[in-house]
2 protein chains.
Amino acid sequence: MRKKLLVLSVVGVGVATGLSAGEKVDPLLAMARQYFQPLPKVVDNPQNPVTPEKVELGKMLYHDPRLSKSGLISCNTCHNLASYGVDNLPTSVGHGWAIGPRNAPTVYNAALQIAQFWDGRAKDLEEQAQGPILNPIEMAMPSKEFAVERIKSIPQYVELFKKAFPNEKDPVTYENIAKAIAAFERTLMTPSRFDRFLQGDTNALTQKEKEGLKLFVEVGCVACHNGPNLGGNMFMKFGQVTDYWRVTRPYVLKDKPTIPVDVGRFAVTHKEEDMYVFKVPPLRNVEKTYPYFHDGSVWKLEDAVRIMAETQLGKKLTPQEVDKIVAFLKSLTGEIPKHALELPVLPASTDRTSKPEFK
Amino acid sequence: MRKKLLVLSVVGVGVATGLSAGEKVDPLLAMARQYFQPLPKVVDNPQNPVTPEKVELGKMLYHDPRLSKSGLISCNTCHNLASYGVDNLPTSVGHGWAIGPRNAPTVYNAALQIAQFWDGRAKDLEEQAQGPILNPIEMAMPSKEFAVERIKSIPQYVELFKKAFPNEKDPVTYENIAKAIAAFERTLMTPSRFDRFLQGDTNALTQKEKEGLKLFVEVGCVACHNGPNLGGNMFMKFGQVTDYWRVTRPYVLKDKPTIPVDVGRFAVTHKEEDMYVFKVPPLRNVEKTYPYFHDGSVWKLEDAVRIMAETQLGKKLTPQEVDKIVAFLKSLTGEIPKHALELPVLPASTDRTSKPEFK
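Parameters and conventions
- Residues numbered from 1 in each chain as written.
- Chains lettered and ligands numbered in written order.
- Predicted model: local features only at pLDDT ≥ 70, side-chain atom pairs only at ≥ 80, totals over all residues.
- Heavy atoms only, no water.
- UniProt positions renumbered as here; feature names shortened; annotations may be inferred.
- Helix = DSSP H or I, 4+ residues; strand = E, 2+ residues; numbered from the N terminus.
- Rg over C-alpha atoms; globule rule 2.2 N^0.38 Å.
- Buried < 20%, exposed > 50% of the residue type's maximum accessible area, 1.4 Å probe, protein only.
- Areas by Shrake-Rupley, 256 points an atom, 1.4 Å probe, with all protein chains shown as cover.
- Lys, Arg positive; Asp, Glu negative; His and termini not counted.
- Charge placed at Lys NZ, Arg CZ, Asp CG, Glu CD.
- Expected span 1.5 Å × (residues − 1).
- Contact = heavy atoms within 4.5 Å.
- Phe/Tyr/Trp six-rings, centres within 6.5 Å; stacked < 30°, edge-to-face > 60°.
- Lys NZ or Arg CZ within 6 Å of the ring centre and 35° of its normal.
- Core = buried A, V, L, I, M, F, W, Y, C linked by side-chain atoms within 4.5 Å.
- Domains from an automatic or database assignment.
- Buried area = accessible area lost by both parts, 1.4 Å probe.
- Salt bridge = Lys/Arg side-chain N within 4 Å of Asp/Glu carboxyl O.
- Polar contact = N/O pair within 3.5 Å; in protein donor to acceptor, adjacent residues only side chain to side chain.
- Least-squares fit on C-alpha atoms with pLDDT ≥ 70 in both.

As recorded in an unreviewed UniProt entry, chain A goes by the name Cytochrome-c peroxidase, listed as coming from Thermocrinis albus. One UniProt comment on chain A, placed under Subcellular location (unreviewed entry), says "Periplasm".

Here's what the structure looks like:
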């Protein structure tokens, strides 16, 4: 973990200074550049290079509810591009109105993470995109083959797969469905004023936001929330100092009094040290991606900041400190790229397309 | 009914010829102009004038799942702008995974109709938009007041309502939510090649499509499916010649063997003559708005055409005739306007925003 962090930091300093020899750097900016980097335009994957053809196809699939058994639920249902890539629900609703166990993370900037899902059980977006389609309480497709057959029954999709995967004999595969979706997602970067700050425009942040940034580093938030996405690049126990559920319980909505304790990454690795360990969530657009934590238990960003300081760092922040850190966090609200807000027109089904099933 | 049809026809001829004196009109075009009119750009409503401010606000509300109790379902869930304004399900899925009784009609060109819903129980889109938000098996909001309070808790919405309804003291009302949504919907016109034909470009249709158009008129489909939206301007009994359910039953999916008989407009008027009477569905984009009929029982357009001829006109069409009519109907597939495919960015909730409820 620590090693990864250091590597990222060094890269950040090397890439982002953009200074002539002898030029003076603002001390806060210099400090920030030790921990954070501006967003790239695209996060490419040599195993799945991002091409315009894949992105176009991936966007259609991302919005296509026929990737669910019911024909009702698409990737966009829970990772809504119009609301910063989330559904703003505590935990998501899936097939048959099943209420899932964890909060839907945002798809924006998600490509930057070391792994996907709260417990990191998928190594990248290409693997992640394969999960929810088959999950019986999410999109509930009966099998990979079923999903492939449904897509193959639509001639326009078959053409688009040929263009997106030009050297493959039989390009409509389950893996390629996920690869196309992932390629689209790899373009979903939301640069904000904080990027302009990191690029040298020290006026891009207000005085209060700068004080928040300074506190964010000094209090220790930065130990986990660093890199270009201010998180998403390591795993950490939720509840370093206090069991997390003891602290979050008072915030849970009245109609949901008993959120079960979540063992986190332990369920994936079965290692004792992974008990209650989660991927550190990225903080880009955190102002918009409420409610917070893996269980969506906390709705106010101020509360989330206070709880983090208490459970992770054993610190009690003053209301003024919380206020400043929140001001800084709001400077991470970015601009959604135009192409992410342009809906595709979905191709029509055919006689061969399997019908929706609600049960 | 008949009167309405004639009025529309006369208007159509007057407006759409665009000929200089003495110019010859193609006979098929002349015939077509007796029954059909090109789409307008906007269908305005003097009681709710379409303004850019209302359209912008209406589009946001159209996509906002916070108009549902769960925070999951928006207008767009069942009237998906990416799939020609429908969900392509037999009948729609709502709050708690409730399966509704009727097929979701398309929102595109819907403003042209004499009334809204299959049974015409709302006189216009302004009235229609108030229905599903409160329907317990659709968006399930507990009350109008609850909906208004949720929207009022979001400052950005309050500002947009002030701009959209500038002369009103308290512009965030349930009626204005519906008015804004309706104003957006009044701009959702999808002109097609058929409009170019009606405007005088006789090459806009292929020979086969023209033969289909001629049959469409001669067989008698045009008696109900006329006007700018090829339907939507009168009510008619489904099953003029044969009970509709006897004919559609063989087409119903195996997992749903017992679709109940729907009394149609009788449920609204309680008049004997309205038994099994429905609003004639418009045929614009019919190629894309499968499955067909009020119960979504039939998936193939060819079958729907055959059933219509049998149940409504007592005619058995040959496969060749069906084929030609279907070719004509596909020429009604229009272009979705660009602004309908541009997603809004939804404003964030606040502490005062009521939380999603799944039960």
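A. Up close: the overall build of chain A. The secondary structure content of chain A amounts to 15 helices and four strands. A globule of 359 residues ought to have a C-alpha radius of gyration of about 21 Å, and chain A, at 21 Å, matches this closely. On the principal axes, the C-alpha backbone points of chain A span a range of 65 × 55 × 35 Å. Across the 359 residues that make up chain A, the buried fraction comes to 58%. Carbon and sulfur atoms make up 56% of the accessible area of chain A, which totals about 15300 Å². Positive and negative charge centroids in chain A, built from 46 and 41 side chains respectively, lie 1 Å apart.

B. Expanded view of helix 3 (residues 52–63) of chain B. All names here are of chain B. Along its 12 residues, helix 3 runs 17 Å from first to last C-alpha, staying within 8% of the 16 Å computed at 1.5 Å per residue. Within helix 3, nine of the 12 residues are buried, leaving the element largely enclosed by the surrounding structure. Residues of helix 3 that are buried: Lys54, Val55, Leu57, Gly58, Lys59, Met60, Leu61, Tyr62 and His63. Of the surrounding elements, those touching the buried residues of helix 3 are helix 4 (75–78), helix 7 (144–152), helix 8 (155–164) and helix 9 (174–185).

C. Representation of the UniProt feature "binding site: heme c 1" (unreviewed entry) in chain A within the structure. Residue and element names in this part refer to chain A. Under the UniProt annotation, "binding site: heme c 1" (unreviewed entry) lies at Cys75, Cys78, His79 and His95. Within the fold, histidine 79 resides in the loop between helix 4 (75–78) and strand 1 (93–94). Accessibility expressed as a relative area gives 19% for histidine 79, which makes it buried. Discounting chain neighbours no more than four positions away, the residues touching histidine 79 are Tyr62, Gly85, Val86, Ala104, Pro105 and Val107. Mapped onto the secondary structure, histidine 95 falls in the loop between strand 1 and strand 2 (98–99).

D. Just the packing of aromatic side chains, in detail. Under the defined criterion, the tally for this structure stands at 30 aromatic pairs over all chains. Judged by centre distance (6.1 Å) and plane angle (20°), the rings of Phe161(A) and Phe165(A) are stacked. The structure contains a cluster of three or more aromatic residues connected by ring pairs, namely Trp118(A), Phe238(A), Tyr244(A), Trp245(A), Tyr276(A), Phe278(A) and Phe293(A). Between the NZ or CZ atom of Arg265(A) and the centre of the ring of Phe235(A), over which it lies, the distance is 4.0 Å. Directly above the aromatic system of Trp299(A) lies the positively charged group of Lys355(B), at a separation of 4.9 Å from the ring centroid.

E. Layout of the nonpolar core. Judged by nonpolar contacts, the single largest core of 88 residues is most densely connected at Leu61(A) and Leu61(B). Elements supplying a minimum of two residues to this core: helix 3 (52–63), helix 7 (144–152), helix 8 (155–164) and helix 9 (174–185) of chain A together with helix 3, helix 7, helix 8 and helix 9 of chain B. Residues within four places of Leu61(A) in sequence aside, it is in contact with Leu67(A), Cys75(A), Ile151(A), Tyr157(A), Phe161(A), Ile177(A), Ala180(A) and Ile181(A). The next biggest cluster of nonpolar side chains, apart from the first, holds 44 residues, and it includes Leu28(B), Tyr276(B), Trp299(B) and Phe328(B).

F. Expanded view of the domain arrangement of chain A. Residue and element names in this part refer to chain A. Each assigned domain of chain A is listed with its residue range as follows: domain 1 (27–39 + 191–331) and domain 2 (52–189). Between domain 1 and domain 2, the C-alpha centre-to-centre distance is 27 Å. In this assembly, domain 1 packs against domain 2 so that about 2200 Å² is buried in total across both faces, 60% of it on carbon and sulfur atoms. Three residues stand out in domain 1 for area buried against domain 2, namely Lys279, Lys288 and His294, and they jointly supply 22% of the buried area on that side. The tally of links between domain 1 and domain 2 comes to one salt bridge. For arginine 102, the salt bridge goes to aspartate 262, with nearest N and O atoms at 2.8 Å. Taken together, the links from domain 1 to domain 2 amount to 12 residue pairs in polar contact (both at pLDDT 80 or more).

G. Broad picture of the interface of chain A and chain B. Every contact between the two is made by 43 residues of chain A and, on the other side, 43 residues of chain B. Between chain A and chain B, roughly 3600 Å² of surface is buried when both sides are summed, and carbon and sulfur atoms account for 72% of that area. The largest contributions to the chain A side of the interface with chain B come from Trp97(A), Leu343(A) and Phe358(A), which together make up 23% of the buried area. Summed over the shared surface of chain A and chain B, the result is two salt bridges.

H. Summary view of the environment of Pro49(B). Residues and elements named next belong to chain B. With respect to the helices and strands, the residue proline 49 is situated in the loop between helix 2 (27–35) and helix 3. You can call proline 49 partly exposed: its relative accessible area is 37%. Separated by 119 residues in sequence, proline 49 and glutamate 168 have C-alpha atoms that sit 15 Å apart. Setting aside its immediate chain neighbours within four residues, proline 49 contacts Asp44 and Lys54.

I. View of the UniProt feature "binding site: heme c 2" (unreviewed entry) in chain A. All names here are of chain A. Here the UniProt feature "binding site: heme c 2" (unreviewed entry) sits at Cys221, Cys224, His225 and Met308. Considering the C-alpha atoms alone, the annotated residues occupy 88 residues of sequence yet fold into one spot, their largest mutual distance being 11.3 Å. Mapping cysteine 224 onto the fold places it in the loop between helix 11 (207–219) and strand 3 (235–237). Once residues within four sequence positions are removed from consideration, methionine 308 is found in contact with Phe238, Phe293 and Leu313.

J. Seen up close, the relation of the copies chain A and chain B. When chain A is brought onto chain B, the operation consists of a screw motion whose angular component is 180° and whose axial shift is 0.0 Å, with 0.0 Å RMSD remaining. Overall, the copies show the geometry of a two-fold rotation axis. Among all C-alpha atoms of chain A, that of Glu342(A) lies closest to the rotation axis, at 2.3 Å. The residues that chain A uses at the interface reappear at the interface of chain B in 100% of cases, marking a shared surface.

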